[in-house]
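Structural overview
Read off the chains here:
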Amino acid sequence: MLNEITKDAQARMGKSIESLRQAMTKVRTGRASASLVDHLKVNYYGSEMPLSQVASIAVNDARSLTITPWEKPMVAAVEKAIINSDLGLTPNTAGTVIRINLPALTEERRRDLAKMVNAEGEDSKVAIRNIRRDANQQVKELLKEKEASEDDARRVEDEIQKITDAAIKDVDEVVKAKEQELMSV
């Protein structure tokens, strides 16, 4: 039972870190990336679909993306989704091809994005600490119900702390890497 608690905590912390990595792909850096617009939802005949499922997204060069909807009527819907997003991008449409030019980030905007990345990292750390608290609570309940010895409970709590420390270290590395990517011109 105690091993299941540590495995569950480790799995949940891994999911938190993976969620952070996914969030980091959506943060705009100076370089064009298909993941920047992948998550946008497009109204596709009455239902919301991810952009990647209704169009092909290509990176032309370091500062531009090309989006080609698979159906001509979808051009307007894709354009509308890009304009309504919080990315601050302006699409240029030529026939069935939508081009997005990414302007260079200003120093101030880079700092704002770095703060946003740090805040996202802190949120992940809070989530990881909450997972640790839940796991430790489960261990204490087993101890209280006499289903585990005090030595085993102490060992598992130490193991949970090691897993937590490793997860927080991973979060710090992800945040640091994204900050470096943001601040490099």
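Rules behind the numbers
Residues numbered from 1 in each chain as written. Predicted model: local features only at pLDDT ≥ 70, side-chain atom pairs only at ≥ 80, totals over all residues. Heavy atoms only, no water. UniProt positions renumbered as here; feature names shortened; annotations may be inferred. Buried < 20%, exposed > 50% of the residue type's maximum accessible area, 1.4 Å probe, protein only. Helix = DSSP H or I, 4+ residues; strand = E, 2+ residues; numbered from the N terminus. Arc of directions from axis to C-beta. Contact = heavy atoms within 4.5 Å. Axes fitted to C-alpha atoms, helices over the stretch in contact; angles between N-to-C directions. Parallel < 35°, antiparallel > 145°, perpendicular 65-115°, else oblique. Nonpolar A, V, L, I, M, F, W, Y, C, P; charged D, E, K, R; others polar. Core = buried A, V, L, I, M, F, W, Y, C linked by side-chain atoms within 4.5 Å. Pairing = 2+ DSSP bridges. Salt bridge = Lys/Arg side-chain N within 4 Å of Asp/Glu carboxyl O.

For the chain, an unreviewed UniProt entry supplies the name Ribosome-recycling factor and the organism Novilysobacter avium. Under the UniProt heading Function (unreviewed entry), the note attached to the chain is "Responsible for the release of ribosomes from messenger RNA at the termination of protein biosynthesis. May increase the efficiency of translation by recycling ribosomes from one round of translation to another."

1. Looking at helix α3 (residues 74–84)
M74, V75, V78, A81 and I82 are the residues of α3 that are buried. Across the axial projection of α3, the buried residues extend over an arc of 130 degrees, all falling on one side. Among the exposed residues of α3, those pointing more than 90 degrees away from its buried face are A76, K80, I83 and N84. Buried residues along α3 sit in contact with β1 (41–44), β4 (64–69), β5 (91–94) and β6 (97–101).

2. Some points on the packing of helix α1 (residues 2–25) against helix α5 (residues 150–183)
The contact between α1 and α5 brings their axes to 10 Å, and the two run at 10 degrees. Classified by the angle between their axes, α1 and α5 sit roughly parallel to one another. A per-class count over the contact of α1 with α5 returns 14 nonpolar, three polar and five charged.

3. Thoughts on the nonpolar core
In terms of nonpolar packing, the biggest core is built from 28 residues, with L2, I5, I128, V139 and L182 touching the most fellow members. Only α1, α4 (107–144) and α5 provide two or more residues apiece to this core. Per element, the largest residue contribution to this core is 10 residues, and it comes from α5. Residues within four places of L2 in sequence aside, it is in contact with V139, L142, A148, D152, A153 and V156. V42, L51, I67 and L89 belong to the second-largest nonpolar core, a separate cluster that totals 21 residues.

4. A word on the sheet that holds β5
Here four strands make up an open sheet; going across it, the order is β3-β4-β6-β5 and the pairing antiparallel. This sheet does not close on itself; its edge strands, each paired only once, are β3 (55–61) and β5. The mean angle between the axes of side-by-side strands here comes to 25 degrees, regardless of whether they run parallel or antiparallel. Of the strand pairs in this sheet, β5 and β6 are connected by four bridges, and their pairing is antiparallel.

5. A look at the pattern of salt bridges
Tallying each qualifying case throughout the model produces 11 salt bridges. Across the pair E122 and K125 runs a salt bridge whose closest N-O atoms are separated by 3.5 Å. Taken as a pair, E122 and K125 lie in helix α4 at a separation of three residues, close to a single helical turn. For K125, a relative accessible area of 12% translates into the label buried. The partner of E157 in a salt bridge is R154, and the shortest N-O contact between them spans 3.8 Å. Of the two residues, E157 and R154 are both situated in helix α5; the distance of three residues between them amounts to about one turn of the helix. By relative accessible area, E157 is classed as buried at 17%. The network of salt bridges with common partners includes D8, R12, R133 and D134.

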